[in-house]
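# Structural overview for review
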Amino acid sequence: MIPYGRQDITQDDIDAVIATLKSDFLTQGLQTPAFESALCEHTGAKYALAVNSATSALHIAVLALGLGEGDWLWTSPISFVASSNCALYCGAQVDFVDIDPNTYNLSVAALEAKLIQAKKEHRLPKVVVPVHLCGQSCDMQSIAKLAQEYGFAVVEDASHAIGAKYQDQPVGSCEYSDIVIFSFHPVKIITTAEGGAALTNNPELAEKMTLLRSHGITRDEKLMQGSSDGAWYYQQIDLGFNYRMTELQAALGISQIKRLDTYIEKRHQLAQRYNDTLKNLPLVLPYQHPETYSSYHLYPVLIADHASIDRRSLFQALRSADIGVNVHYIPIHQQPFYQNLGFRNVSYPIAEYYYERTISLPLYAQLSLGDQMKIIEILIKELSKT
Ligand SMILES: *Cc1c(COP(=O)(O)O)cnc(C)c1O
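Described in the following lines is the structure provided in the data block. (Residues numbered from 1 in each chain as written. Predicted model: local features only at pLDDT ≥ 70, side-chain atom pairs only at ≥ 80, totals over all residues. Heavy atoms only, no water.)

## Quick notes on the packing of aromatic side chains
Counted by the stated rule, this structure contains 13 aromatic pairs. Between F80 and Y329, the aromatic rings sit 6.5 Å apart at their centres with planes inclined by 45 degrees, giving tilted as the arrangement. Placement of the pair is F80 in the loop between strand 2 (72-75) and helix 4 (82-89) and Y329 in the loop between helix 10 (311-320) and helix 11 (336-343), with a sequence separation of 249 residues. Residue class for Y329 comes out buried when judged on its relative accessible area of 11%. (Phe/Tyr/Trp six-rings, centres within 6.5 Å; stacked < 30°, edge-to-face > 60°. Helix = DSSP H or I, 4+ residues; strand = E, 2+ residues; numbered from the N terminus. Buried < 20%, exposed > 50% of the residue type's maximum accessible area, 1.4 Å probe, protein only.)

Rendered as structure tokens:
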């Protein structure tokens, strides 16, 4: 089966992990800070914290911003459930903002309309999580303007978007947000097996997230109550978690990030070939906003309403040909857990329209020309039937 996404592991990656496995530190050594430095260097952010998943990064990000009971977090319904679950971990409530019909990212117009209404009802969000779907940045400048006007914090869920650019700046620079999070799950752009990171330019948020990542424990005397008892001494000054990344994962991350730019170029070549070969079929191909340079984590196509085949049948035809197409995403508010939270009678029409028609085509750095042509041929065959 040709998968929809797949990691690329080289001999250099394997050597880096084995060398770390033979070293003195399997966790809490020098690889993790070195990976964090590489993330800062790549993005221009001042601080980066590597953690064991993007889900953990989202959790400590919103906690550091003070999200808790009685607060609201808003995000896009077209995302992975982790984008909104982070609010529920903190006892806060979730609401969604419908997507833009072109980019499929959180719609700034819908956000503004919802903010105007929420202000009247005194239930403005404390945190908004824009998700850079498929690796294309949201309209961050406009979101930052609304954040200032309405007083909410912004956490960019850039799980798809390491290597992408917005207004010629790397996604992750935190230019228009408080915190940016990345995922290094194997289907994402670069991998540490499991892993994630939270980046910020704010020293207080970096310090708070550092504590939360590791039990709320500090060895920094400046942060302690009273004075240190000696060299063995540490204090727990907050309630944190064990969200640390291992040294093996960080070593893999350092090795992988060296190939980040090559990966993005390769993904652009593959996306361009899909653009060129599929443009005359009854499909809506991914629109690219001129201010963005996508990392092309995903290449979703929407089956046009005038196509002679529906989404289910096209999906099945591709799967029967051993092509691991997928759907990103089932709207979060339609998940049974969220239905039970009160979203049963709520509708986000553009998100639902998108969901009913979308299929993610395989796209990853090592997808061969031959495999991609096979996918294209089946699409042409299925969509040309009358
Ligand atoms: C993958 C993903 C996550 C979660 O990442 P993990 O590293 O698996 O925890 C969160 N948000 C989005 C949009 C994702 O695609």
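So much for the structure itself; the text now carries on.
## A short note on the sheet that holds strand 5 (residues 153-157)
Strand order in the open sheet formed by seven strands is 1-9-8-5-4-2-3, with mixed pairing between adjacent strands. Every interior strand has two partners, whereas the edge strands, strand 1 (47-51) and strand 3 (93-96), have only one. For this sheet, the mean angle separating the axes of adjacent strands, direction not counted, is 20 degrees. Pairing between strand 2 and strand 3: four bridges, direction parallel. The residue bridging W72 from the neighbouring strand is Q93, located in strand 3. (Pairing = 2+ DSSP bridges. Axes fitted to C-alpha atoms, helices over the stretch in contact; angles between N-to-C directions.)

## Examining empty space enclosed by the protein
The tally for this structure, following the rule as stated, stands at two cavities of 30 Å³ or more. Along the wall of the largest cavity there are 13 residues; nearest its centre are C134, Q136, P286, Y287 and Q288. Its residues assigned to classes, the lining of the largest cavity comprises eight nonpolar, five polar and no charged. Size it by volume and the second largest cavity reaches roughly 40 Å³. For the lining of the second largest cavity, the residue count by class is three nonpolar, no polar and four charged. (1 Å grid on protein atoms, 1.4 Å probe; cavity = no way out; pocket = protein on both sides within 12 Å on 5 of 7 lines; lining within 4 Å. Points joined across faces, edges and corners; volume = space filled by probe spheres on them. Nonpolar A, V, L, I, M, F, W, Y, C, P; charged D, E, K, R; others polar.)

## Describing the site of the ligand
Within the structure, the ligand sits among 15 residues, and T55, D157, H160, S183 and K188 are positioned closest to it. Between the ligand and A54, the relevant distance is 2.9 Å, taken from an oxygen atom to a main-chain nitrogen or oxygen of the residue. Taking H160, its side chain carries an N or O atom lying 2.7 Å from an oxygen atom of the ligand. More than half of the atoms of the ligand fall within 2 Å of the grid points belonging to the second largest pocket. Those elements that provide at least two residues to the shell around the ligand are helix 3 (54-64) and helix 4. (Near = heavy atom within 4 Å. Polar contact = N/O pair within 3.5 Å; in protein donor to acceptor, adjacent residues only side chain to side chain. Sits in = over half its atoms within 2 Å of the grid points.)

## Thoughts on the environment of L363
With respect to the element layout, L363 can be found in the loop between strand 15 (358-361) and helix 13 (369-384). Among the residues examined, L363 registers a relative accessible area of 1% and is labelled buried. Expressed as a C-alpha distance, the spacing of L363 and Y296, which sit 67 residues apart in the sequence, is 7.9 Å. Ignoring sequence-local partners within four residues, the contact set of L363 consists of Y4, G5, R267, L270, A271, Y296, H297, L298 and Y299. (Contact = heavy atoms within 4.5 Å.)

## Focus: the pairing of strand 15
The side chains of a regular strand alternate, first on one face of the sheet and then on the other. Residues T358 and S360 of strand 15 are buried on one face, and the alternating residues I359 and L361, pointing to the opposite face, are buried as well. As defined by bridge partners, strand 14 (residues 299-303) adjoins strand 15 across four bridges and the pair is classed as antiparallel. Bridging from a neighbouring strand, L302 pairs with T358 of strand 15.

## Brief notes about unusual backbone geometry
A cis amide bond links H328 with the next residue in sequence, Y329, at an omega value of 0 degrees. For C134, which is not glycine, the phi dihedral falls at a positive 70 degrees. Residue position: C134 is located in the loop between strand 4 (127-129) and helix 6 (140-150).

## Some details on the pattern of salt bridges
For the coordinates displayed, the defined rule picks out 13 salt bridges. Between R259 and D8 there is a salt bridge; the shortest N-O distance is 3.6 Å. Here D8 lies in the segment before helix 1 (11-21) and R259 lies in the loop between helix 8 (247-257) and helix 9 (260-278), a separation of 251 residues in the sequence. Accessibility classification places R259 together with D8 in one group, the buried group. Residue R123 is joined to E121 by a salt bridge in which the shortest nitrogen-to-oxygen separation is 3.1 Å. Salt bridges sharing partners connect three or more residues here, namely D95, K114, E121 and R123. (Salt bridge = Lys/Arg side-chain N within 4 Å of Asp/Glu carboxyl O.)

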